[in-house]
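Spelled out from the first residue to the last, the chains are:
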Amino acid sequence: MDYAKTARGVLDHVGGPDNVISAAHCATRLRLVIADNAKLDKAGVESVDGVKGCFEASGQIQVIIGTGTVNKVYDEFIKMARVSEASKSDVKEAAAQKQNWFFRAIKTLGDIFVPIIPAIVASGLLNGLLNGLIQVWPNLADSSIYSLINLFAGAALSMLPILIAVSAAKKFGGNQFLAAVIGFIMIHPNLVNAWSQYIKNPASPSGELIKNPDIVTWFQFGGYKVENVGYQGHVIPVIIAILFMSWLEKKLHKIVPEIIDLFVTPLVTVLVTGLLTMLFIGPIFSQVEQWILDGARALIGLPYGIGGLMIGFVYAFTVVAGFHHMYNMIEAQMLGTGLNTWMPVATAANVAQGAAAMAVGVKTKKAKTKEVALPASLSAFLGITEPAIFGVNIRYRTSFISACIGGAAGGMVASLTGIGANAYGVTGLFGFLITPGYTLQYAIVMLVSFVVAFAVSFITYHDEKAEAPAAEAPAAEGSPASEAPVSKEPASEEPASEAPAAEGTGSAAAGAAAEMAAPEAEGKQESGKKIVYAPAKGKAIPLSAVHDPTFASETLGKGMAIIPTEGKIYAPFDGTLDLLYDTMHALGLTSDDGIEVLIHVGIDTVKLNGKHFKAHAKSGDEVKKGQLLLEFDLDGIRADGYCIDTPVIITNTDEYGDVKMVVDTEPGTPVLELE
């Protein structure tokens, strides 16, 4: 491999040096944060020699290259991009700054829980090992070695608040040792263990449960009571307590004189945080936590396996959105009061993603797709699904949906059988080690997920090139834009029946939505040609005249541009609005006959973060030609210093032999013709 050539190819397709904010690498991937995702040519990146895949996740662009070579490509990349070396955490932080508050909150949960997963996994695996050995040697339970290892197995869950406190302090910038003290206060031996709030009534022959008589009420304000009960197995109260502790500690460091800071700050921090935690934070947020846990259990316990079916279907969508880390909190809560019944459903979803990717790898005739799909599927069976989801399935909608269907089927089985795990952080094949007593049921869950997802994906997947209507035509310059929607399955070979409006410049589309939606009788489309209608009113210009080199050079695909005279965007055909960005500066649409279009309102307008824009549709909507999709304030955008050139790009240009403008003044109907 020519490492410099690969690095140059990646850099060119992510928008050049000026678009790169930060770069790092892990064992197999380049991890990049770029300023404007509109300049990312995902398909172009994937076409670079040495690149095995490219996907976006949690605000990062991740380029799969491979072990042993990614570091060498990275060395060349940072030289060319003129950025300094960064750690993976640096890149994550840079990416997080581009996300909204909700995703930042979810990322915070992930940053707290991920570091302590090895401790929870170790405890779960030790429990699984002990349970397995007892099945073979029942007398082992009476031995000293069993008692000793059983102590090891329970340590992490018993001390969970301390582990969470230390990890949370690291995230929030507080003193980790003070946080450990707060965590220990919450499970102090002088408190009644939270798992012992109810005990068997010694006076009852049936062994009914009664409230532990050692529980006393410390304070009571009306119906609000503070009791001497610990917080073993709790999560949310610990996080909130350490969030407050970190804030208070940093404030005190600023206002307390340095000469007494060493004594005053720790004292006040522990005293105030401890009091607030035991009096308010603990009681209030443990109740909030209980409501969340009850909701999760109620969902997964819906009759006939409906809950598992629902969770199994949507699980992968939450991975794509980046907020699946919140499940760690739910699973930790479940472990505090019983078995983790969420984990088997997650396994169903993960195995299904691997099965769908494997079906693509088996069926495809493309060597590069096969090279990515098969290893990604094996990774998913071990619980690591990102390569399968982002590298394969999400690129082919039918494969991703097939995986979701498989996850739903397996999730239903998991819910019906009531499988539970004694740890979290492990799914897939390794999950057998933390589901003692459910080996057969767990295997059935995996088998059902695999068979359903593989079968549906195998039936529905087709190589695009093999069915593309212009497969024999020479490829046009450029490549599909990643900002455009994920590619659909190829369009039918039948020429589109929708006819263009009468020839000539005509009135602008945005000002004449009704005219754009005129019946087919207005004109006849030439055989083999497809039409894109003007999405806005204004002046039509060739793409080469756009004030942005990425668009002007046709890096993202061929097309044209409009200088709007009215702040409205209309649907350029009947089809689907696949993607409307949160910033509303760009839309990706796919026509019913397979044309993929990116409409990018203005240049660098992503930086406005939605200011001056108002959406009239949402991602996933079916749209009709002439339907109003978006409004924007022309004067406001210009006043903020942004160029209003609006490119209209055919992002699957390489499926057509030619893409050309058919008007050169005011855009009417049509504006682009594809052969």
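### With respect to the overall build of the protein chain
The secondary structure content of the protein chain amounts to 22 helices and 21 strands. Across the 675 residues of the protein chain, 52% fall into the buried class. Once local pairs closer than 6 in sequence are excluded, the contacts in the protein chain between residues at least 24 apart make up 73%. Roughly 28,900 Å² of accessible area belongs to the protein chain as shown, and the carbon and sulfur atoms make up 62% of that amount.

### Some thoughts on the packing of aromatic side chains
This model, assessed by the stated rule, comprises 10 aromatic pairs. Ring geometry for F244 versus W247: centroids 5.9 Å apart, planes at 40 degrees, classification tilted. With F244 and W247 both in helix α10 (residues 236-255), this residue pair falls three residues apart, about one helical turn. Taking relative accessible area as the criterion, W247 reaches 46% and is therefore assigned partly exposed. Measuring from centroid to centroid gives 6.0 Å for F454 and F458, while their planes differ by 15 degrees, and the two rings are stacked. Pair noted here: F454 and F458 are both in helix α18 (residues 439-460), with a separation of four residues, about one helical turn. On the basis of relative accessible area, F458 is assigned to the partly exposed category, the value being 33%. Three or more aromatic residues joined by ring pairs form one cluster here, namely F381, F450, F454 and F458. Geometry around Y533 places K625 over its ring, the cationic atom sitting 4.0 Å from the centre.

### Structural notes on the sheet that holds strand β18 (residues 628-632)
If you walk across this open sheet you meet the three strands as β12-β18-β16, and the pairing is antiparallel. Taken across any chain shown, the strands that pair with only one partner, and hence form the sheet edges, are β12 (568-570) and β16 (613-615). For this sheet the average axis-to-axis angle between neighbouring strands, irrespective of direction, equals 15 degrees. As paired strands, β12 and β18 are joined by three bridges and run antiparallel to one another. Opposite K568, over in β18, you have E631 as the bridge partner.

### A word on the nonpolar core
F113, I120, I164, I239, I242 and Y424 are the most contacted members of the largest nonpolar core, which has 44 residues in total. Those residues in contact with I164, other than ones at most four positions away along the chain, are I112, F113, I116, H234, V235, V238 and I239. Counting residues in each nonpolar core, the second largest holds 36 residues, with A536, I569, L587 and L629 among its members.

### A closer look at the sheet that holds strand β15 (residues 596-600)
What the seven strands build is an open sheet, ordered β10-β11-β19-β15-β14-β13-β17; its pairing is antiparallel. Two strands bound the open sheet, and with one partner strand each, they are β10 (538-542) and β17 (622-623). The sheet contact formed by β15 and strand β19 (residues 646-650) spans three bridges and is antiparallel. When the sheet's bridge partners are listed, L598 is paired in β19 with I649.

What counts, and where the lines are drawn
- Residues numbered from 1 in each chain as written.
- Predicted model: local features only at pLDDT ≥ 70, side-chain atom pairs only at ≥ 80, totals over all residues.
- Heavy atoms only, no water.
- Helix = DSSP H or I, 4+ residues; strand = E, 2+ residues; numbered from the N terminus.
- Buried < 20%, exposed > 50% of the residue type's maximum accessible area, 1.4 Å probe, protein only.
- Contact = heavy atoms within 4.5 Å.
- Areas by Shrake-Rupley, 256 points an atom, 1.4 Å probe, with all protein chains shown as cover.
- Phe/Tyr/Trp six-rings, centres within 6.5 Å; stacked < 30°, edge-to-face > 60°.
- Lys NZ or Arg CZ within 6 Å of the ring centre and 35° of its normal.
- Pairing = 2+ DSSP bridges.
- Axes fitted to C-alpha atoms, helices over the stretch in contact; angles between N-to-C directions.
- Core = buried A, V, L, I, M, F, W, Y, C linked by side-chain atoms within 4.5 Å.

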